[in-house]
Amino acid sequence: MSYQIIADSCGDFTEQMKQNPIFKTVPLTLEIGSYSILDDENFNQLDFINRVNASSIGPKTACPSPEAFQKAIEESDADEIYVVTISASLSGTFQSASIGLSLYEENGGTKKVHIFNSKSASAGECKLCLDIQELKDAGKSFEEVVEEVEMACDDLKTLFVLESLDTLRKNGRLSGIKSLLAGALNIKPIMGAVDGSIVQLGQQRGMQKALRKMMELAIERAGGVEAVKTKRLVITHVNAPERAEQLKADFEKLAKFKEIVLTNAMGVATIYANDKGIILAL
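Criteria and cut-off values
Residues take numbers from 1 onward in each chain, read along the sequence in its written order. Residue-level local features of this predicted model are given only where pLDDT is at least 70; pairs of side-chain atoms are given and counted only at 80 or more, and the full residue set underlies all totals for whole chains, interfaces and linings. Calculation of side-chain values draws on the structure's entire complement of heavy atoms; hydrogens and water are dropped beforehand. What pLDDT expresses is the predictor's confidence in each residue, scored from 0 to 100. Throughout, a contact is declared for two residues whenever any of their heavy atoms are within 4.5 Å. Each Phe, Tyr or Trp ring (for Trp, its six-membered ring) is paired with any other whose centre lies within 6.5 Å, and the angle between the two planes then decides the class: stacked below 30 degrees, edge-to-face above 60, tilted in between. Criterion for a charge above a ring: Lys NZ or Arg CZ within 6 Å of the ring centre, and within 35 degrees of the ring normal. Two strands pair under a simple rule: DSSP has to find at least two bridges between them. A helix here means a DSSP run of H or I that spans at least four residues, while a strand means a run of E at least two residues long, and both kinds are numbered starting from the N terminus. Angular values range over 0 to 180 degrees, each being the angle between N-to-C directions of two axes fitted as lines to C-alpha atoms, with helices fitted over their stretch in contact. Buried means the residue's accessible area, taken with a 1.4 Å probe over protein chains only, is under 20% of the maximum for its type, while exposed means over 50%, and partly exposed covers the values in between. Here the arc refers to the set of directions running from the helix axis out to each C-beta atom. Any pair of N or O atoms that falls within 3.5 Å is considered a polar contact. Within protein, one atom must be able to donate a hydrogen and the other to accept it, and sequence-neighbouring residues count only if both atoms are side-chain atoms. A side-chain nitrogen of Lys or Arg and a carboxyl oxygen of Asp or Glu constitute a salt bridge if their distance falls within 4 Å.

**Brief notes about the confidence of the model for the chain**
Summarising the model, the chain shows a mean pLDDT of 92, and 92% of its residues fall at 70 or more. With pLDDT under 50 throughout, residues 173-181 is counted as low confidence; its partners more than four residues away or in other chains account for eight contacts.

What follows is the structure in structure tokens.
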């Protein structure tokens, strides 16, 4: 193949992408106390969700080693390699990939390789990978792809709604009192990425109201209904296919998009978005 797209396992590829050799994943490691697994093709989402719910210890992730990225680059038979990672503000994965590229180059590697800090995660990474594929299929050069996708990283709008705040509470990122109060009042925070960091954009009482507000904010932040006509929208769900399908249908009533893609979360997004969470990027 002439090019390959490598993402960490927070890229949440669709089933079609997983079957396409153009796309390759470098997995993070998932940890719950002493229990540890790779976030690879053997990841069992339902089993992991049950383990998280049963544990009083918050789940964590560990980024891939530089050598894992070096190996992925070396083993690829492509002349051009595009690496997409979770936001550098959220994980050390981008730094690890950068070191891995340096190791490859120090060993005399000559392939054209570029690493993108997605400034996003999950649906955002998936969208960027699909953007790269589209640009390469259109005949764009390596340099043109790098320039356009770097701009796409800066322009990317990522939002998500959590069904549960339990993981944030277990990890100490939310006080027990605040978590309990949010649960009692059925408050659902609407979160987003700004310059690669997570911020709260709003909140609503009840999941349906929160999803509706997230939709409105997504279209507004992307420039309005006219602007999104040229955009690909990716929706990642955590064990909630019906909710994702309904969200897609609701989006189609609000605006027209170039494409709407649905995908189920792998391990990293399952940890942080939690069971029944929704992440979207456009």
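Here the narrative resumes.
**A closer look at the packing of aromatic side chains**
With the rule as written, the count across this model stands at four aromatic pairs. Lying over the aromatic face of tyrosine 35, arginine 51 brings its terminal NZ or CZ to 4.0 Å of the ring centre.

**What to know about the sheet that holds strand 4 (residues 35-38)**
Judged by pairing direction, the sheet is antiparallel, and its three strands sit side by side in the order 4-3-5 without closing on themselves. Of all the strands in the sheet, just strand 4 and strand 5 (60-62) have a single pairing partner and so form its edges. Taking the axes of each pair of neighbouring strands and ignoring which way they run, one obtains an average angle of 25 degrees across the sheet.

**A word on the environment of leucine 162**
Along the chain, the position of leucine 162 falls in the loop between strand 8 (158-161) and helix 7 (166-170). Judged by relative accessible area, which is 3%, leucine 162 ranks as buried. Spatially, the C-alpha atoms of leucine 162 and isoleucine 278 are 6.7 Å apart, while their sequence positions differ by 116 residues.

**Quick look at helix 3 (residues 66-75)**
All buried positions along helix 3 are accounted for by Pro66, Phe69, Gln70, Ala72 and Ile73. Angular distribution of buried residues about the axis of helix 3 spans 160 degrees; they occupy a single face of the element. Packed against the buried residues of helix 3 are strand 1 (3-8), strand 2 (23-26), strand 6 (80-85), helix 4 (93-106) and strand 7 (112-117).

**Details of the side chain of threonine 14**
With respect to the helices and strands, the residue threonine 14 is situated in the loop between strand 1 and helix 1 (15-19). Looking at threonine 14, its side chain comes within polar contact range of the main-chain nitrogen of methionine 17, at 3.1 Å. The contacts of threonine 14, once residues within four sequence positions are left out, are Val261, Leu262 and Thr263.

**Describing the pairing of strand 6**
With six of six residues buried, strand 6 lies mostly within the body of the structure. Because side chains alternate across strand 6, one face comprises the buried residues Glu80, Tyr82 and Val84, and the other comprises Ile81, Val83 and Thr85, equally buried. The pairing of strand 1 with strand 6 spans five bridges and is parallel. Counterpart to isoleucine 5 in the pairing with strand 6 is tyrosine 82.

**Some remarks on the side chain of threonine 93**
When you line up the elements, threonine 93 lands in helix 4. Residue class for threonine 93 comes out buried when judged on its relative accessible area of 0%. Setting aside residues no more than four positions away along its own chain, threonine 93 makes contact with Asp8, Leu28, Cys63, Pro64, Phe69, Thr85 and Ile86.

**Let's talk about the pattern of salt bridges**
Within the structure shown, the criterion is met by 18 salt bridges. Of the charged contacts, one joins glutamate 80 and lysine 136 as a salt bridge, the two residues approaching to 2.8 Å between their closest N and O atoms. Here glutamate 80, found in strand 6, pairs with lysine 136, found in helix 5 (residues 123-137); they are 56 residues apart in sequence, far enough to count as distant. In this structure, glutamate 80 and lysine 136 share a single accessibility class: buried. Lysine 112 is paired through a salt bridge with glutamate 143; the nearest N and O atoms lie 3.4 Å apart. Of the two residues, lysine 112 sits in strand 7 while glutamate 143 sits in helix 6 (residues 142-155), which places them 31 residues apart along the sequence. For glutamate 143, a relative accessible area of 48% gives the class partly exposed. Several salt bridges share partner residues, and in doing so they unite Lys127, Asp131, Glu134, Arg232, Lys258 and Glu259 into one network.

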